[in-house]
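# Fold and geometry: a report
If you want the building blocks of each chain, they are given just below.
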Amino acid sequence: MRTPKKHIRNFSIIAHIDHGKSTLADRLLELTETVAKRDMQQQILDDMDLERERGITIKAHAVTLTYKQDGEEYELNLIDTPGHVDFNYEVSRSLAACEGAVLIVDATQGIEAQTLANTYLALDHDLELVPVINKIDLPAADPERVAADIEDVIGLDSEEAPRVSAKTGENVGDVLKQIVKLVPCPEGDDDAPLKALVFDSVYDNYKGVIVYVRIMDGTIKAGDTMRMMATGAQFTVVEVGKMAATSLMPTKQLCAGEVGYITASIKTVRDARVGDTVTTAENPAAEPLEGYKKVNPMVFCGIYPADGADYEALKEALEKLQLNDAALSFEPETSGALGFGFRCGFLGLLHLEIIQERLEREYNLDLVSTVPSVIYKIHMRGGEVLEIDNPTKYPDPAEIDYSEEPMTDAHIFSPPEFVGTIMDLCQERRGFYKDMKYLSADRVELSYDLPLNEIIYDFFDALKSRTKGYASFDYELKGYARSNLVKLDVLLNGDGIDALSFIIHSDKAYGRARKIAEKLKDNIPRQQFEIPVQIAVGGKVIARETVKALRKDVLAKCYGGDITRKKKLLEKQKEGKKRMRSFGTVEVPQEAFMAILKLDEQ
Amino acid sequence: MKGLYIHIPFCRSKCPYCDFYSVPRNDALIEKYCDALIDEIETGRRTKDFTENSDMSFDTVYFGGGTPSVIGAERLGRILECIRKNYTISADAEITAECNPSTVDDEFFINLSSYGFNRISLGMQSAVDSERHSLGRLADKNKVLSVINSARKSGITNISLDVMLGVPSQTMESLDETVDFLLDTDVPHISAYMLSIEEGTNFHKRQDSLVLPDEDAVCDMYSHLAQRLTQQGFEHYEISNFAKSGFESRHNLKYWECEEYLGLGAAAHSFINGKRFFFERNAEAFISGDTAVFDSYGGDSEEFIMLALRLKKGISAQDYYKRFGCSLPLSFTEKAKAFITSGHMTLDGDTYSLTQKGMLISNYIISNLED
């Protein structure tokens, strides 16, 4: 039986990381008996192991809840959103599929960077906000102060905002009541040409791509010919339906206002990109829905198998991940130092880390990756503009007129006592101060223009450690700015190691070069000869260290006839060697690469 | 023929650097332990799973520890007698006992010699009093000299002295004092071990407070010692061992040449019929009849290379071929080239061996060559 539109509510949950989004979702599923309590596992919407471990949502998910109130049955479609800035576009599409959003604020922490960023996104989409104050069970909770902050900073009436504990379940029923009361029901014309917004797509081994949609206008059913309006690709619809918590429930059709899925034997998520509009070939819509954009990778790095024999396995793994991740790009590249591998593009550093971890964990690959890079625009004397995301393609400095690097519009939220340290950090990271606002007595918002390449290394870690974890951070890209860039080259024993090169602002070259030289010295084990470590810019060495020759590595002692013990010690040593890469005559352990990625703040 | 090793796990006191298996001396336990050794030699019941169809002929017998001398010459003689009765011991067998110089005298050696022991190894460690005390060794230079004389008087002239490098407060000068002493004694065999701090030892517990010579200094000491000894006619025949011609430890050579040996007693290791096996580090368990435990299969190419490269004579391609029926692995010969260039190895005819500089980083070289 179809639910009348006035009994449908489409909503998202938005929150700063760790404010309890997934836990609240779990409780809502339980309360509406969408999932039987015995089947409940923590964070059911986060079905990747990684999501559960990191406590973040990487992919969007959706589920239909059936909720009874005053004898009426409501269909509540919960569209979960990824909670990280790398996936901002996916968040925006999920929000566009809704009429309302539950805004969770942690009663112990108050408003954070992503609280506001997500709120603004939700307001951009004209969503009705349902504020919820979570974690009232914690001793440090101060729901009234947080409610006042929400009123002051966001301008939302929080008097009736449910004060809940998603953990214990206390007052969670009030959230459902508020959703029904505040979120408007969807509109739309069942008989108009189909316009369905793709807010997520997931590859499934059996069904092909499962396209998650919100129907804005029209109707779709099995047998229809669906057309992706951005790409023009057409497919015959095999099945449409709704989402239970752990399974799909086929239905006869999907109508305007509803949230559901479509399968049509689509082979890759690139054919059903998030943000695209589905219509039918039989009765096509004149215009697609607004807001589609192809998300482009922002951060690039080379990924190589630690063992060259794993090249094919790495390629297959990347292809499989790409089936499900339209934002991941890769193409083969060859490095003199690392052999055959792939230049991969990511939305951001978290995206990069997630992909690396999934490759290592789910596909059992041992990887070596290069320093991440952003896309630089290099203006050549001849007038040509090169987009360089790979230091090995950096042109001869003599040919360069000027360079540009991508900038971000960054917002940092923090208690006022850390303003000084944050300003220092942003200064070090070549930030341009723009503004500082007191959101409340104990919450400050700092706005900076920060170069993207200063953020992608370890900005977030540095910010967290310098502010004892209290500051939060959000950014969006805002175009390119002229910059003075140089390429740093690393030479070991006189040989250039292409995989260790990277592009950096010239002001930072010396400091960075010294740190890299030191790190390499500390991380390259002594070998039978002395190894000079040199860092050069355009042929000029600007930092130098030496790894002294190994003099002593011997089992002098006689262990009687215990040969096995000797053998085991050597085996261990050989194992260590396997994790090393040969660069000409020099062996470099993977840790040395990692050490360069995570240069400490000092 | 095989080598026979007998472990005597008793000591007067535990030296702070030592991680060999030993327990405090205790007469009742010593008696039971010797009975157990004799029982094992007579019945072979603790090792029968490994020694079936194996010929029990030996041309070396080595009593190690612990401190074999603390159980007295009579007990050592009783065990050796039992060995002769039950196994075949060749007429020219090398029969060694490790001795602590502070607990032996003329009578001890007269007895020892009369039972047929013809070699002793003395744990002196250093000729410098302060160094020796920090190592828990009591016998001073004069005592060691008198012990050597006693042994010689009894007819035992094949004597080895142990010294250590890199011990607390050691310097080049103090090392020279020790080397002077070694040369004065005119013993034909010297073992020189670089101190390594092993887990479970007293040194390990207080390693933060130990003042040890740094790695470079220890390397310099090693080279200096080797130079002085070789100048005086010693051959540096194994990483830690020096001998006048004909006085190499025949028993220890069996380990390095991948030959067979039977080890009896707690913590003793064996290699027979391609299998390495051992007894747990537990004297009570040995007494109560616990059987030897399988360790690993031995004697493969990697092991052979690992052991042979400890010896100055190294690996000849021909010997390798005789043993394994194939040439040395290509990866070995290829990688050896870099070490020959860097002065860590030599290739003489078809024989690869480590130079003294190479011996100091033998682990590194071997793990590279076998990669």
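Data block above holds the structure.
Described in the following lines is the structure provided in the data block. (Residues numbered from 1 in each chain as written. Chains lettered and ligands numbered in written order. Predicted model: local features only at pLDDT ≥ 70, side-chain atom pairs only at ≥ 80, totals over all residues. Heavy atoms only, no water.)

### Some details on the environment of S130 of chain B
Residues and elements named next belong to chain B.
- Position of S130 relative to the elements: it lies in helix 5 (residues 129-134).
- The class for S130 is partly exposed, based on a relative accessible area of 48%.
- For the pair S130 and P168, spaced 38 residues apart in sequence, the C-alpha separation works out to 9.1 Å. (Helix = DSSP H or I, 4+ residues; strand = E, 2+ residues; numbered from the N terminus. Buried < 20%, exposed > 50% of the residue type's maximum accessible area, 1.4 Å probe, protein only.)

### Topic: the sheet that holds strand 15 (residues 315-316) of chain B
All names here are of chain B.
- Reading across from one edge, 15-17-16 is the order of the 3 strands in this open sheet, with antiparallel pairing throughout. Both outer strands of the open sheet, strand 15 and strand 16 (345-348), are each paired with one neighbouring strand and no more.
- Relative to strand 17 (residues 351-354), strand 16 runs antiparallel, the two sharing 4 bridges. Each bridged residue has a counterpart across the sheet, and for M345 the counterpart in strand 17 is L354. (Pairing = 2+ DSSP bridges.)

### Focus on the interface of chain B and chain A
- Each partner contributes residues to the interface: chain B has 42 residues there, and chain A has 28 residues.
- Taken together, both faces of the contact between chain B and chain A bury some 3500 Å²; the carbon and sulfur share is 53%.
- The three residues of chain B that bury the most area against chain A are M306, N363 and Y364 of chain B, which together make up 18% of that side's buried surface.
- Our enumeration of links across chain B and chain A arrives at 9 salt bridges.
- When the shortest N-O distance is used, the salt bridge between R565 of chain A and D19 of chain B registers 3.3 Å.
- At the boundary of chain B with chain A, the tally comes to 18 residue pairs in polar contact (both at pLDDT 80 or more).
- Ranked by residues supplied to the side of chain B that touches chain A, first place goes to helix 16 (residues 362-369) of chain B with 6 residues.
- Its residues assigned to classes, the side of chain B that touches chain A comprises 19 nonpolar, 11 polar and 12 charged. (Contact = heavy atoms within 4.5 Å. Buried area = accessible area lost by both parts, 1.4 Å probe. Salt bridge = Lys/Arg side-chain N within 4 Å of Asp/Glu carboxyl O. Polar contact = N/O pair within 3.5 Å; in protein donor to acceptor, adjacent residues only side chain to side chain. Nonpolar A, V, L, I, M, F, W, Y, C, P; charged D, E, K, R; others polar.)

Any functional reading would require information beyond the geometric quantities listed.
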